[in-house]
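Structural description and commentary
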Amino acid sequence: MKRVLLSEKDKKLLFEILLKNNMPYYKQLYENNLNFKTNEIKEIIGVLSDEFCRNGLKENDEPNSFGLEIENLIDIVNSWH
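Attention in this report is confined to the structure presented alongside it. What you are looking at is a predicted structure, and each value in this text was computed from that prediction instead of being measured. Starting afresh in each chain, residues are numbered from 1 along the sequence in its written order. For a predicted model such as this one, the threshold for reporting local features is a pLDDT of at least 70, and the threshold for listing and counting side-chain atom pairs is 80 or more; totals across whole chains, interfaces and linings nevertheless cover every residue. Only hydrogens and water are set aside; all other atoms, that is, all heavy atoms of the structure, feed into the side-chain values.

Some remarks on helix 3 (residues 38-55)
Segments assigned H or I by DSSP are reported as helices when at least four residues long, segments assigned E as strands when at least two residues long, and all are numbered from the N terminus. To estimate the expected span of a helix, subtract one from its residue number and multiply by 1.5 Å. With 18 residues, helix 3 should reach 26 Å at 1.5 Å per residue; the first-to-last C-alpha distance of 26 Å fits that figure. Using a 1.4 Å probe on the protein chains alone, a residue whose accessible area is under 20% of its type maximum counts as buried, one over 50% counts as exposed, and one in between counts as partly exposed. Looking at helix 3, one finds that the buried residues are Glu 40, Ile 41, Ile 44, Ile 45, Val 47, Leu 48, Glu 51 and Phe 52. Mapping the buried residues of helix 3 onto a view down its axis gives an arc of 160 degrees, with all of them on the same face. Exposed side chains of helix 3 directed beyond 90 degrees from the buried face belong to Lys 42 and Cys 53. Any two residues whose heavy atoms approach within 4.5 Å at even a single point are treated as in contact. On its buried face, helix 3 is in contact with helix 1 (8-20), helix 2 (25-30) and helix 4 (65-78). Here, the arc refers to the directions that run from the helix axis to the C-beta atoms.

In structure tokens form, the structure reads like this:
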């Protein structure tokens, strides 16, 4: 899989989610250093998945607009393996 880069909008959202969840990787992201280790990528995906479950679903369990953004971030971060 080709490594996908973050748009500024995606970077801002990922930064906010990492910061909100006290993940130390927000500093690395802020410095534009996207060289995360495999275990760090898994942790980031875990945080994104939790955020998706908490705030990314409508009552019918379909993704809302925020959920679609989270799904996109998960796809991007997965490409960093």
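A short note on the pattern of salt bridges
A side-chain nitrogen of Lys or Arg and a carboxyl oxygen of Asp or Glu constitute a salt bridge if their distance falls within 4 Å. What the rule picks out here adds up to 3 salt bridges. For the salt bridge of Glu 16 with Lys 12, the shortest nitrogen-to-oxygen distance reads 2.8 Å. With a gap of 4 residues between them, Glu 16 and Lys 12 both fall in helix 1, about one helical turn apart. In this structure Glu 16 comes out as partly exposed when scored by relative accessible area, which is 38%. In this structure, Lys 20 engages Glu 51 in a salt bridge whose closest nitrogen and oxygen atoms are separated by 2.8 Å. Within this pair, whereas Lys 20 is found in helix 1, its partner Glu 51 is found in helix 3, the two being separated by 31 residues in sequence.

Notes on the side chain of Asn 64
Take Asn 64: it is sitting in the loop between helix 3 and helix 4. Among the polar contacts listed, one links the side chain of Asn 64 to the backbone nitrogen of Phe 66, at a separation of 3.0 Å. Polar contacts here mean pairs of N or O atoms no more than 3.5 Å apart (in protein, one a potential hydrogen donor and the other a potential acceptor; neighbouring residues in sequence count only if both atoms are side-chain atoms). Polar contacts involving the side chain of Asn 64 include one to the main-chain amide nitrogen of Gly 67, which spans 2.7 Å. Not counting the four nearest positions on each side in its chain, Asn 64 is found in contact with Asn 55, Gly 56, Leu 57 and Lys 58.

Remarks on the side chain of Glu 40
By secondary structure assignment, the location of Glu 40 is in helix 3. Here Asp and Glu are counted as negative and Lys and Arg as positive; His is not counted, and neither are the chain ends. Of the side chains with opposite charge, Lys 37 lies nearest to the buried Glu 40, which makes no salt bridge, at 4.8 Å. Filtering out sequence-adjacent residues up to four positions away, Glu 40 remains in contact with Tyr 25 and Gln 28.

Some words on the nonpolar core
We define the nonpolar core as a collection of buried residues of types Ala, Val, Leu, Ile, Met, Phe, Trp, Tyr and Cys that are connected through side-chain atoms lying within 4.5 Å of one another. The biggest cluster of nonpolar side chains holds 22 residues, and the ones touching the most others in it are Leu 6, Leu 14, Ile 44, Leu 48, Val 77 and Trp 80. Elements that contribute at least two residues to this core include exactly helix 1, helix 2, helix 3 and helix 4. Counting residues per element, this core draws most heavily on helix 3, which supplies 6 residues. With near-sequence residues (within four places) excluded, Leu 6 lies in contact with Lys 11, Leu 14, Leu 29, Leu 34, Leu 73, Ile 76 and Trp 80.

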